[in-house]
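Breakdown of the fold
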Amino acid sequence: MNNNSVRIKEKINKVNELLVAHFGIPWRPTKLPNPIHALIATILSQHTTDRNSYRAYRNLKKKYKSVDELADSPRSEIEKVIRVAGLGKQKSASIKIFLTTLKKKNGRINLQYIKKMTDDEILNELTSVKGIGVKTASCVLLFSLDRNFCPVDTHVNRTLNRIGIVKTNTPDKTFEQLRKNLPDKIAHQFHTNLIKLGREICKPTNPSCSVCPLLTECNFKKKNFDTAKTIRNKGFLLLDSI
């Protein structure tokens, strides 16, 4: 391990400690969610609120008694069921393509076999299906398989670049850089708290730098000190609540 990697790991650990001190250790269920359910929930969560994606997920659970029934349903019907989450045509197509591909390849709709795979094998297996990107695959790795992976969405990408842990211009590049240096056993709390930070404090415009727990660690040059407000922690319907 080179000196630069050591410094990055030390900075990540410091940032994680400060985030935990501010937001606490995020709750996660004792029973990990089924990989297929996690994957579907992640697709639904794209470009929408947690509330709406959760409503869409519950609509699917209510409408279809099994993933086989869901896979056999017309895409247009699935689109109507998940409409509340937005991008219904795109998301319904991704869900249906994934389920039908899995059934065609393995004879059944089941992802339990990936538990025996390496991290790279799982990433390749999932992202080989049209509509399944690195973020969706990494969510399955973290939330369903308890692997030390930090999925990178717009919030995580923005905060990590501002803090100075990475210098990238896309979430996928941030993911690759972070993966090389992420300390063991912190992925879940680090990922979840970074999302909270990005939503509540480190917003795209007018971030509330005055109340940021990472103020002394952050390299962001355009800090905003105009509006010092007390930010209250909010509850989020994150993937690990499914």
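Placed above this text is the structure.
Every value quoted in this text rests on a predicted model; they were computed, and no experiment measured them.

**Examining helix α9 (residues 154-163)**
Counting buried residues along α9, eight of its ten residues qualify, which places the element largely inside the surrounding structure. Along α9, the positions that sit buried rather than exposed are His155, Val156, Asn157, Arg158, Thr159, Leu160, Arg162 and Ile163. Buried positions along α9 lie against α1 (3-23), α10 (171-181) and α11 (187-200). Of the residues flanking the start of α9, the one acting as N-cap is aspartate 153, its side-chain oxygen 3.1 Å from the backbone nitrogen of histidine 155. Following α9 by one or two positions, glycine 164 has its phi on the positive side, about 105°.

**Re the pattern of salt bridges**
For the structure on display, the rule yields eight salt bridges. Here arginine 199 and aspartate 50 are joined by a salt bridge, their closest N and O atoms 2.6 Å apart. Highlighted residues: arginine 199 in helix α11 and aspartate 50 in helix α3 (residues 50-63), separated in sequence by 149 residues. For arginine 199, a relative accessible area of 25% puts it in the partly exposed group. Of the residues examined, aspartate 50 reaches a relative accessible area of 15% and is grouped as buried. Across the pair lysine 103 and aspartate 68 runs a salt bridge, and its minimum N-O distance is 3.8 Å. Remark: aspartate 68 occurs in helix α4 (residues 67-72) and lysine 103 occurs in helix α6 (residues 88-106); sequence separation between them is 35 residues.

**Notes on the layout of surface pockets**
Of the voids in this model, the second largest pocket is the one considered here, and its volume is about 160 Å³. Contributing to the lining of the second largest pocket are His37, Ile40, Tyr57, Leu60, Lys61, Tyr64, Lys65, Ser66, Val67 and Leu70. Elements with a contribution of two residues or more to the lining of the second largest pocket: α2 (35-45), α3 and α4. Examining the composition of the lining of the second largest pocket, we find that three residues originate from one element, α3, more than from any other. Of the residues belonging to the lining of the second largest pocket, the class tally is six nonpolar, two polar and two charged.

Cut-offs used in this document
- Residues numbered from 1 in each chain as written.
- Predicted model: local features only at pLDDT ≥ 70, side-chain atom pairs only at ≥ 80, totals over all residues.
- Heavy atoms only, no water.
- Buried < 20%, exposed > 50% of the residue type's maximum accessible area, 1.4 Å probe, protein only.
- Helix = DSSP H or I, 4+ residues; strand = E, 2+ residues; numbered from the N terminus.
- Contact = heavy atoms within 4.5 Å.
- Polar contact = N/O pair within 3.5 Å; in protein donor to acceptor, adjacent residues only side chain to side chain.
- Salt bridge = Lys/Arg side-chain N within 4 Å of Asp/Glu carboxyl O.
- 1 Å grid on protein atoms, 1.4 Å probe; cavity = no way out; pocket = protein on both sides within 12 Å on 5 of 7 lines; lining within 4 Å.
- Points joined across faces, edges and corners; volume = space filled by probe spheres on them.
- Nonpolar A, V, L, I, M, F, W, Y, C, P; charged D, E, K, R; others polar.

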